[in-house]
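# Structural description and commentary
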Amino acid sequence: MEETKTAAAANLEVFSEVLQNLAATDKDIMVVTSDSRGSGKLVPFGQKYPEQIVEVGIAEQNLVGVAAGLASMGKKAFAVSPACFLTARALEQIKNDVAYSDNPVKLIGISAGVSYGALGTTHHSLHDYAVLRAINNITIVAPADNFETAEAIKAAAQMTSPVYIRFGKKGMPENLQQNPNPSDFKIGKGRVIQEGSDLVFIATGEAVLPCVEAAKSLQKDHQISCKIISLHTIKPLDTELLLAAAATGKPIITAEEHSVNGGLGEAVASLLFQNSCTNTFKIVGLPDDHTVSGSQIEIFNHYGISGEGLKNTALNLIKL
């Protein structure tokens, strides 16, 4: 299957560029890192604004505590750390110092999902949506492309409540939307990547791109028209958009770089089932099993979170 060409920029690089632009005119922008300024693409930020970056070393709990303290004093604190550690080692601090205390920290989970590839399960973050969905007073965002990344960071800088934003490492397209609309982004609202009439893909983060690839193949080879929704905000859900998509009665496939337990798929399924929707439904993600090792692409291929895998899932679902 022909893959969609991607831009050279990883979403993390866009994050860094936007943050530098914001910091140039806003001295309240503060970055706190846990020995992760290199992997977080923050070296240029530190060089330009050395008084606006704090390095705590490999101490994720301190990272979140320091960021919460800065936020409590009116600073726009971005706490940057690998997602696997940020949302596990520092979960108590996220729950109590950030969410419970209502400190508007911008938690940035880098190298998320299976971005660390061959480093294995210890470095994979397949639990972050699930644990954070269970904590009150925190927004969860996973941008799909460079455009969503830039808009999410600009929006996060102005938010007065806690937010978690998740980024992978792969170079992503500038804008996946079929007919790009520069104003078509809002935290809490999904983004329609393309319209379609036979099946609905609902995905988040870097799992949106394989849905675009699958949709192209389904249209070309089987004349199956697919609607694709980038649900960049997992909490709160865009209930209006999701219920409208389900109202057509067409099959729905969710795709995510996360465990099938507690993530995007279960959030969407819960919403639809509680609203009496009866669509044929399939969750595609990482199973409740020991994750295989390999590159992100190899892991995606293994678990069917690829253009070919999602195409086959769609064909099997439509046959039911």
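What comes next concerns the included structure. (Residues numbered from 1 in each chain as written. Predicted model: local features only at pLDDT ≥ 70, side-chain atom pairs only at ≥ 80, totals over all residues. Heavy atoms only, no water.)

### Quick look at unusual backbone geometry
To keep things clear, this is the line we draw: Secondary structure elements follow DSSP: runs of H or I no shorter than four residues count as helices, runs of E no shorter than two count as strands, and numbering proceeds from the N terminus. Three labels apply to residues, based on accessible area from a 1.4 Å probe with only protein chains included: buried if under 20% of the type maximum, exposed if over 50%, partly exposed otherwise in between.
Backbone torsion omega between Lys235 and Pro236 reads 0°, so that peptide bond is classified as cis. Tracing the backbone through its elements, the reader meets Pro236 in the loop between strand 10 (233-235) and helix 9 (239-246). You will see that Asn137, though not glycine, has its phi angle at about 75°, which is positive. Tracing the chain through its elements places Asn137 in the loop between helix 6 (128-133) and strand 5 (139-141). Given the relative accessible area of 26%, Asn137 is considered partly exposed. The backbone phi angle of Ser276 is positive, close to 65°, even though this residue is not glycine.

### As for the side chain of Ser16
To be explicit about the condition: Side-chain atoms alone can form a polar contact between residues adjacent in sequence; in general such a contact is a pair of N or O atoms within 3.5 Å, and within protein one must be able to donate a hydrogen while the other accepts it.
The topology assignment puts Ser16 in helix 1 (residues 11-25). Within the structure, the side chain of Ser16 is placed 2.5 Å from the backbone oxygen of Lys41, a separation counted as a polar contact.

### Let's talk about the packing of helix 3 (residues 60-72) against helix 5 (residues 91-100)
Note the threshold: Angles run from 0 to 180 degrees between N-to-C directions of axes, and those axes are lines fitted to C-alpha atoms, restricted for helices to the stretch in contact. By the definition adopted for this analysis, an angle is roughly parallel if under 35 degrees, roughly antiparallel if over 145, roughly perpendicular if from 65 to 115, and oblique otherwise. Working rule for contacts: check all heavy atoms of both residues, and any pair within 4.5 Å makes them a contact. For this scheme, ten residues count as nonpolar: Ala, Val, Leu, Ile, Met, Phe, Trp, Tyr, Cys and Pro. Four count as charged, namely Asp, Glu, Lys and Arg, and the remainder, Gly too, count as polar.
In the contact formed by helix 3 and helix 5, the axes pass within 9 Å of each other and the chain directions differ by 5°. Looking at the two axes, helix 3 sits roughly parallel to helix 5. Here Gln61, Val64, Gly65 and Ala68 of helix 3 come into contact with helix 5, specifically with Gln93, Ile94, Asp97 and Val98. Among the residues forming the contact of helix 3 with helix 5, the class breakdown is 4 nonpolar, 3 polar and 1 charged.

### Some points on helix 9
Because an α-helix completes one turn every 3.6 residues, residues spaced three or four positions apart along the sequence face the same direction. Rules: Directions from the helix axis toward the C-beta atoms define the arc.
Residues Leu241, Leu242, Ala245 and Ala246 constitute the buried set of helix 9. Across the axial projection of helix 9, the buried residues extend over an arc of 130°, all falling on one side.

### A look at the state of the cysteines
To be explicit about the condition: Counting rule for disulfides: a pair of cysteine sulfur atoms within 2.5 Å.
Tallied over the full model, the rule gives 0 disulfides. Note on Cys226: no disulfide assigned, nearest cysteine sulfur contributed by Cys211 at a separation of 9.1 Å. For Cys226, a relative accessible area of 2% gives the class buried. Of all cysteine sulfurs in the structure, the one in Cys226 sits closest to Cys277, which takes part in no disulfide; the separation is 19 Å.

### Brief notes about the sheet that holds strand 9 (residues 226-230)
Inclusion rule: Should DSSP find at least two bridges between two strands, the strands are taken to pair.
Strand order in this open sheet of 5 strands is 7-9-8-11-12, and the pairing throughout is mixed. The open sheet has two free edges, formed respectively by strand 7 (191-194) and strand 12 (281-286), since each of these has just one partner strand. Each neighbouring strand pair of the sheet contributes to a mean axis angle of 25°, computed without reference to strand direction. Here 3 bridges tie strand 7 to strand 9, and the two strands are oriented antiparallel to one another. Across the sheet, residue Gln194 finds its bridge partner in strand 9, namely Ile228. Each of strand 11 (252-259) and strand 12 touches helix 11 (residues 296-303); the most contacted strand, strand 12, lies at about 145° to it.

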